[in-house]
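Residue-level listing of the chains:
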Amino acid sequence: MSRIGKLPVALPAGVTVTFENGLLTVKGAKGTLTQTIVGDINIKVEGAEAIVEKTSDAVGTNAKHGLYRALLHNMVVGVTQGYTKTLKVNGVGWKVAKQGNKLVMNVGYSHPIEFVEPAGVTLACPTPNEITVTGIDKVLVGQTAADIRTIRIPEPYHGYGIAYSDEVIERKEGKTGGKGKK
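Undergrad: So, the sheet that holds strand E1 (residues 9-10): which residues are in play, and what are the values?
TA: Overall, antiparallel pairing links the three strands, which are arranged E1-E6-E5 in an open sheet. Across the chains shown, the open sheet's two edge strands, defined by having one partner strand only, are E1 and strand E5 (41-46). Judged from the two bridges that link them, E1 and strand E6 (residues 49-54) form a sheet pairing that is antiparallel. Counted as the bridge partner of alanine 10 is glutamate 49 from E6.

Undergrad: Now, about the pairing of strand E9 (residues 102-106): what can you tell me, with residues and values included?
TA: Here strand E8 (residues 95-99) runs beside E9; their pairing, made up of five bridges, is antiparallel. The partner of lysine 95 across the bridge, within E9, is asparagine 106. Counting the residues that bridge the hairpin from E8 to E9 gives two residues, and of these glycine 100 lies at a positive phi of roughly 70°. Bridge analysis of E9 against strand E10 (residues 113-116) gives four bridges, and the strand direction is antiparallel. Across the sheet, the residue bridging to leucine 103 is phenylalanine 115, located in E10. What sits between E9 and E10 in their antiparallel hairpin is a turn of six residues, with glycine 108 showing a positive phi close to 90°.

Undergrad: Requested: an account of the pattern of salt bridges, with residues and values cited.
TA: All chains considered together, the criterion is met by seven salt bridges. Across the pair glutamate 53 and lysine 44 runs a salt bridge whose closest N-O atoms are separated by 3.1 Å. Judged by relative accessible area, glutamate 53 falls into the partly exposed class, the value being 27%. Glutamate 130 serves as the salt-bridge partner of lysine 88, at 3.5 Å between the closest nitrogen and oxygen. Of this pair, lysine 88 sits in strand E7 (residues 83-90) while glutamate 130 sits in strand E12 (residues 130-135), and the two are 42 residues apart along the sequence. The class for lysine 88 is partly exposed, based on a relative accessible area of 37%. In the salt-bridge network here, residues are joined through shared partners; they are Lys44, Glu46 and Glu53.

Calculation notes
- Counting of residues starts from 1 at the beginning of each chain's written sequence and follows it residue by residue.
- With pLDDT at 70 or above as the cut-off, local features in this predicted model cover only qualifying residues; side-chain atom pairs require 80 or more to be listed or tallied, and sums for whole chains, interfaces and linings still use all residues.
- The side-chain values count all of the structure's non-hydrogen atoms but skip hydrogen atoms and water molecules.
- DSSP-based pairing: two strands are paired if at least 2 bridges between them are found.
- Only DSSP runs of H or I reaching four residues or more are called helices, and only runs of E reaching two or more are called strands; each is numbered from the N terminus.
- By salt bridge we mean one thing: a side-chain nitrogen of Lys or Arg within 4 Å of a carboxyl oxygen of Asp or Glu.
- Between buried and exposed lies partly exposed: a residue is buried under 20% and exposed over 50% of the maximum accessible area for its type, with that area taken using a 1.4 Å probe on protein chains only.

If you want it as structure tokens, here you go:
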């Protein structure tokens with residue numbers, strides 16, 4: 001039995017959860033999210049909490065039980081508070097700027113890189129060396145931040161690159177300049 005799946009999901013005021021024909025819909029102040037539910041899972045709303053239940057003991061139902069409870073919780077947090085990921089740009093002369101719905105990055109290439117803002121995500125540049133990705137869908141915010149990071153992955157020798165703000169880059173020692181073996 002899933003320990004995560006047993007826990008009820010608290011629903012703050014202003015959040016409505018509906019589950020019909022395998023489609024879970026969560027509406028809140030910041031927007032609406034939907035998720036398709038497959039398998040022997042049922043979601044009931046009782047008062048100010050939602051409960052995810054298994055309807056059979058089929059193979060894999062325990063894993064889906066915990067998964068869908070976690071996804072429901074992430075959706076409730078998304079429509080009430082939203083999600084934010086912050087990226088830091090580290091490099092000599094490197095900078096980022098927002099132009100319309102594009103993020104223009106000068107990150108050490110011979111040309112600026114343009115990243116188009118996906119639907120459902122807001123990109124911002126509070127400083128020339130910082131990128132903020134915000135949205136209500138946790139998966140979409142995380143994937144967008146990961147896509148931006150892959151443009152210039154942090155390297156361990158100088159620390160140049162685009163990294164998450166809370167990421168620790170393990171630094172490596174460079175070559176010592178010895179004469180080598182004879």
